[in-house]
Every structure is written in structure tokens, then in C-alpha cells.
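Read off the chains here:
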Amino acid sequence: MSLDVVVVMDPIESISIAKDSTFAMLLEAQRRGHRLHYVLPGGLAMRDGVAGARMSPLRVRDDPRDWFELEPPSRRALGAGDVVLMRKDPPFDADFLHDTQILGVAQRAGANVVNDPQGLRDLNEKLAALDFPQCCPPTLVSRHAPSLKAFVQEHGHAVLKPLDGMGGRSIFRASAGDPNVNVILETLTAGGAHHAMAQRYLPEIVDGDKRILLVDGVPVDYCLARIPQGDEFRGNLAAGGRGEGRPLTDRDRWIAAQVGPAMHARGMRFVGLDVIGDYLTEVNVTSPTCIRELDAQFGLNIAGLLFDAIEAGQARSAPAEAGGAAPPA
């Protein structure tokens with residue numbers, strides 16, 4: 001079955017294909033004979049109640065000097081027979097929210113949106129981990145700086161972070177008695193206007209912040225440990241961390257078993273769990289990465305697992321979609 005695979009992503013000309021998981025998905029979709037369509041930045045739209053986008057037919061190649069080719073764009077409706085990969089990076093701002101609302105309309109018209117737009121709206125990547133408190137370290141979310149400061153005092157060392165960051169941005173390590181705690185909390189909460197998160201510092205970070213990938217709720221057998229370098233305490237690759245692949249531990253699999261079924265039930269087809277030591281710290285649903293690194297280290301095809309699941313779902317839903325596609329946008 002040949003599908004129309006529509007990708008919503010950050011500008012394709014600016015990606016690093018050696019590390020870009022969306023690019024791995026596009027390569028796999030093209031290898032399977034699916035038609036690729038690239039939504040121009042800001043291209044999602046609605047007309048007369050029909051969701052659509054300004055998009056270009058796309059071809060990709062695994063060549064760091066020349067990795068994509070676009071044909072002239074046109075406006076096209078989204079509906080039955082379309083697989084939409086929603087892979088735009090955070091931040092979750094008003095524009096991201098509106099994009100998910102338009103994709104919700106496309107979904108109701110029959111498009112298969114990966115990940116589910118409602119889930120993208122509901123699952124803040126830091127708060128979502130707290131749906132599984134049995135997996136998490138001691139954590140406090142608050143706008144109240146004195147409460148957050150008291151948490152640091154209680155645990156001796158804590159990590160303080162905003163709820164809407166990515167790539168390790170604006171993450172602070174603080175200790176009891178640190179004279180900078182007040183200004184850190186003032187900055188993160190904007191004087192009490194925004195929530196911030198405090199988590200007990202996990203010294204196991206020196207061994208890596210593990211990214212575990214779930215495909216339809218099932219973990220890939222290997223994770224990528226992102227290991228801090230030099231005097232940096234953050235393991236994020238964007239913050240200079242080194243990626244090292246490892247097999248999952250029994251604890252990793254237990255955490256995945258706690259989280260995976262709930263993600264599957266909510267239509268979150270591709271999810272990244274962040275685990276430090278024995279504890280879950282984040283549930284990444286917007287545009288999880290690390291496919292390319294794990295594929296290269298272990299000879300995997302993680303995007304292939306995802307498209308196996310997508311194609312199986314499309315085959316099951318095909319009789320219900322036989323009524324025809326949505327009208328042009």
C-alpha cells in the first residue's frame with residue numbers, strides 16, 4: 001500500500017542528517033515506496049472547515065552535501081490516506097498549539113497524525129513524567145519560589161528547570177545554601193508568573209541521561225546514554241553530551257512497561273523517555289530523537305519499526321476510509 005506521508009518539521013535545509021530522527025523516518029518511508037510531502041514552514045491552514053497545507057513533493061537522499069529535493073508547492077487538503085508526521089521541535093507556543101488544532105481537524109477527516117494532536121497538547125514533556133510518580137525522583141512543580149527553595153534545602157542538591165525548555169536550556173543545578181538560588185528561581189518563574197520544576201539531583205547523571213525510545217508503547221532494545229562532558233552536568237547532546245548506546249536494563253524495561261501502555265492508548269506512536277539512573281525524568285512526545293545514533297551503533301532500523309506499525313494501522317482502517325478523500329483546500 002503506497003501512502004502519502006506528509007511531514008511537518010523545522011526547515012529541512014537546516015537539519016543535520018547524521019542526527020535527525022525525522023530524516024530517518026523520511027528515508028524509510030521513501031524506501032517503502034510512499035510519496036513524501038514537505039509542509040512549508042507555517043504552511044498548515046484551514047479553508048471552509050477543511051484542514052490542509054501548502055506543501056511540496058519531497059525526495060530525500062542520505063548525502064550530507066545534498067539531502068533533499070523539493071518540487072514546486074501547492075495547496076492540498078489533508079484527510080483519508082494521509083500519514084502526517086508532526087515533528088516540529090518545541091517550544092510549545094501558540095503557533096504549535098494552533099498547528100495541533102488544525103491537525104486535529106485533519107485527523108477527524110481521516111488522516112493518521114503521528115503523534116496524536118490531542119496528546120501533543122495535553123502531555124507537557126516534563127509534567128507527563130509525573131503521571132507515573134512510581135518511576136520519578138522526588139519532584140516539585142510550583143510558581144512559589146520559597147517552596148522551591150525549601151525543596152532544594154530539603155534534598156541538599158536539586159535540578160531546577162522550566163517546563164517548556166528543550167535541549168538542556170535553562171537547566172540549573174543548585175545546592176542548599178547556594179547564594180544564587182534566589183536569582184535562579186526569580187529567573188525561572190519570572191517573579192512567580194510561571195511554573196518551574198525542581199527535582200532531586202541524581203548523581204547517576206555522570207553515567208548518562210538515557211533516552212529510551214518507544215514505538216507504539218514498546219521499547220527499542222537499546223537506549224542512548226547522553227554523557228556529560230568536561231565540567232558540564234547536563235548530558236543533552238545539544239549541550240555537548242556524548243552519546244553511547246547501551247542495552248536496556250531490567251529497571252529501564254520496568255519503566256517502559258509502566259509508561260508504554262498509557263502512551264499507546266493515547267495515540268503517541270513514537271515517544272522518548274529520559275531516564276537517569278533508576279528514575280524517569282521526562283516523557284518526550286513532540287519530536288523525540290536518537291534514531292540515527294542507535295541505528296548506526298547497533299544496526300537497527302527504528303524508523304522501520306515505526307512504519308511497520310503505521311502501515312498495519314492503515315491496513316486495518318482502509319475499509320472505513322473507502323468513502324473517498326477530503327475535498328481540495
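The following paragraphs examine the structure supplied in this document. (Residues numbered from 1 in each chain as written. Predicted model: local features only at pLDDT ≥ 70, side-chain atom pairs only at ≥ 80, totals over all residues. Heavy atoms only, no water.)

## Points about the sheet that holds strand β9 (residues 157–162)
Under the convention used in this document: A pair of strands is treated as paired once DSSP finds two or more bridges between them. A run of DSSP states H or I qualifies as a helix once it reaches four residues; a run of E qualifies as a strand once it reaches two. Both are numbered from the N-terminal end. Helix axes are fitted to C-alpha atoms over the stretch in contact, other axes to C-alpha atoms as well, and angles between N-to-C directions run from 0 to 180 degrees.
Within the open sheet, the 4 strands sit side by side as β8-β11-β9-β10. Their pairing is antiparallel. Strands with a single pairing partner mark the edges of an open sheet, and in this sheet they are β8 (139–142) and β10 (172–175). For this sheet, the mean angle separating the axes of adjacent strands, direction not counted, is 25 degrees. Relative to strand β11 (residues 196–200), β8 is paired through 4 bridges, and the arrangement is antiparallel.

## Some words on the packing of aromatic side chains
Under the convention used in this document: The criterion for an aromatic pair is that two Phe, Tyr or Trp rings (for Trp, the six-membered ring) have centres within 6.5 Å, with stacked assigned to planes under 30 degrees apart, edge-to-face to planes over 60 apart and tilted to the rest. Counted as over-ring charges are cases with an Arg CZ or a Lys NZ within 6 Å of the ring centre that also lie within 35 degrees of the ring normal.
Evaluated as defined, the whole model comprises 3 aromatic pairs. Where Trp67 meets Phe68, the ring centres are 6.1 Å apart and the plane angle is 50 degrees; that geometry is what we call tilted. Where Tyr222 meets Phe298, the ring centres are 4.0 Å apart and the plane angle is 15 degrees; that geometry is what we call stacked. On the criterion of sequence distance, the pair formed by Tyr222 in strand β14 (residues 222–227) and Phe298 in helix α7 (residues 291–298) is long-range, its members being 76 residues apart. Over the aromatic face of Tyr201 sits the side chain of Arg173, whose NZ or CZ is 3.9 Å from the ring centroid. One cation-aromatic arrangement involves Arg251 over Tyr279; the distance from NZ or CZ to the ring centre is 6.0 Å.

## Points about the side chain of Glu125
What counts here: Note on contacts: a residue pair is in contact if any heavy atoms of the two residues lie within 4.5 Å.
Turning to its location among the elements, Glu125 is positioned in the loop between α3 (117–122) and β8. With near-sequence residues (within four places) excluded, Glu125 lies in contact with Pro90, Glu282, Val283, Asn284, Val285 and Thr286.

## Things to note about the pattern of salt bridges
Quick reminder of the rule: A carboxyl oxygen of Asp or Glu within 4 Å of a side-chain nitrogen of Lys or Arg is what we treat as a salt bridge. Each residue is placed in one exposure class: buried if its accessible area under a 1.4 Å probe, protein chains only, is under 20% of its type's maximum, exposed if it is over 50%, and partly exposed if it falls in between.
Inspection of every chain in the model, using the stated rule, returns 24 salt bridges. A salt bridge links Arg31 to Glu28, with the shortest nitrogen-to-oxygen separation between them at 2.7 Å. One end of the pair is Arg31 and the other is Glu28, both in helix α1 (residues 21–31) and 3 residues apart, which spans about a single turn. Judged by relative accessible area, which is 5%, Glu28 ranks as buried. In this structure, Asp216 and Arg269 form a salt bridge, with 2.4 Å as the shortest nitrogen-oxygen distance. With Asp216 in the loop between β12 (209–215) and β13 (218–219) and Arg269 in the loop between α6 (250–265) and β16 (270–276), this residue pair connects regions lying 53 residues apart in the sequence. Here the residues in one salt-bridge network are Glu28, Arg31, Arg32, Asp308 and Glu311, joined through shared partners.

None of the figures reported here should be taken as evidence of function without further support.
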